[in-house]
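Chains, contacts and geometry: an overview
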Amino acid sequence: MVRLIFISLAGGGGALLLEYLVVRFVPLLGIVFWIPTLIGLSVLEDFGLPTLQGSPDGWPMASILGEIIAAVGWWFIWSVIVAIALWRKRLNWSADPKGQEHEG
């Protein structure tokens, strides 16, 4: 169980790194991550946390606190996705111990 949690957290970190690389080198695809992040941070801003700040071009950008919250949030999301994938794979292995697909 501890191994599964460690792999999930490491996998979440790897997915977060991949997400960062996509955002950094393919900015058009980065919008997929930027919009949900901006929505989440603006909700937290409405509750009084200083997560957003202005920028010269007029678009809101994350403050240091906002960046930390966004990174932890995305890491959690990716870790849960990795854990679910591993859990489903483990269920398939327990159904067929040899790891072979059933024909039929």
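Up top you'll find the structure we're talking about.
Here's a quick rundown of the structure. (Residues numbered from 1 in each chain as written. Predicted model: local features only at pLDDT ≥ 70, side-chain atom pairs only at ≥ 80, totals over all residues. Heavy atoms only, no water.)

Moving on to the packing of helix 1 (residues 2-25) against helix 2 (residues 27-46). Orientation of helix 1 relative to helix 2, taken along the N-to-C sense of each, is 130°, at an axis distance of 6 Å. Viewed along their axes, helix 1 and helix 2 adopt a mutual orientation that is oblique. Along this stretch, helix 1 crosses helix 2, giving a crossing that reads as left-handed. Of the residues in helix 2, those touching helix 1 at Glu-19, Val-22, Val-23, Arg-24 and Phe-25 are Pro-27, Leu-29, Gly-30 and Phe-33. A per-class count over the contact of helix 1 with helix 2 returns six nonpolar, one polar and two charged. (Axes fitted to C-alpha atoms, helices over the stretch in contact; angles between N-to-C directions. Helix = DSSP H or I, 4+ residues; strand = E, 2+ residues; numbered from the N terminus. Parallel < 35°, antiparallel > 145°, perpendicular 65-115°, else oblique. Left-handed = near helix turned anticlockwise from the far one by under 90°. Contact = heavy atoms within 4.5 Å. Nonpolar A, V, L, I, M, F, W, Y, C, P; charged D, E, K, R; others polar.)

Turning our eyes to something else, we now look at the layout of surface pockets. The volume enclosed by the largest pocket comes to roughly 690 Å³. Along the wall of the largest pocket there are 23 residues; nearest its centre are Glu-19, Val-23, Trp-34, Thr-37 and Ala-70. Contributions of two or more residues to the lining of the largest pocket are made by helix 1, helix 2, strand 2 (61-62) and helix 3 (64-95). Residue contributions to the lining of the largest pocket peak at eight residues, all from helix 2. Of the residues in the lining of the largest pocket, the class split is 17 nonpolar, three polar and three charged. (1 Å grid on protein atoms, 1.4 Å probe; cavity = no way out; pocket = protein on both sides within 12 Å on 5 of 7 lines; lining within 4 Å. Points joined across faces, edges and corners; volume = space filled by probe spheres on them.)

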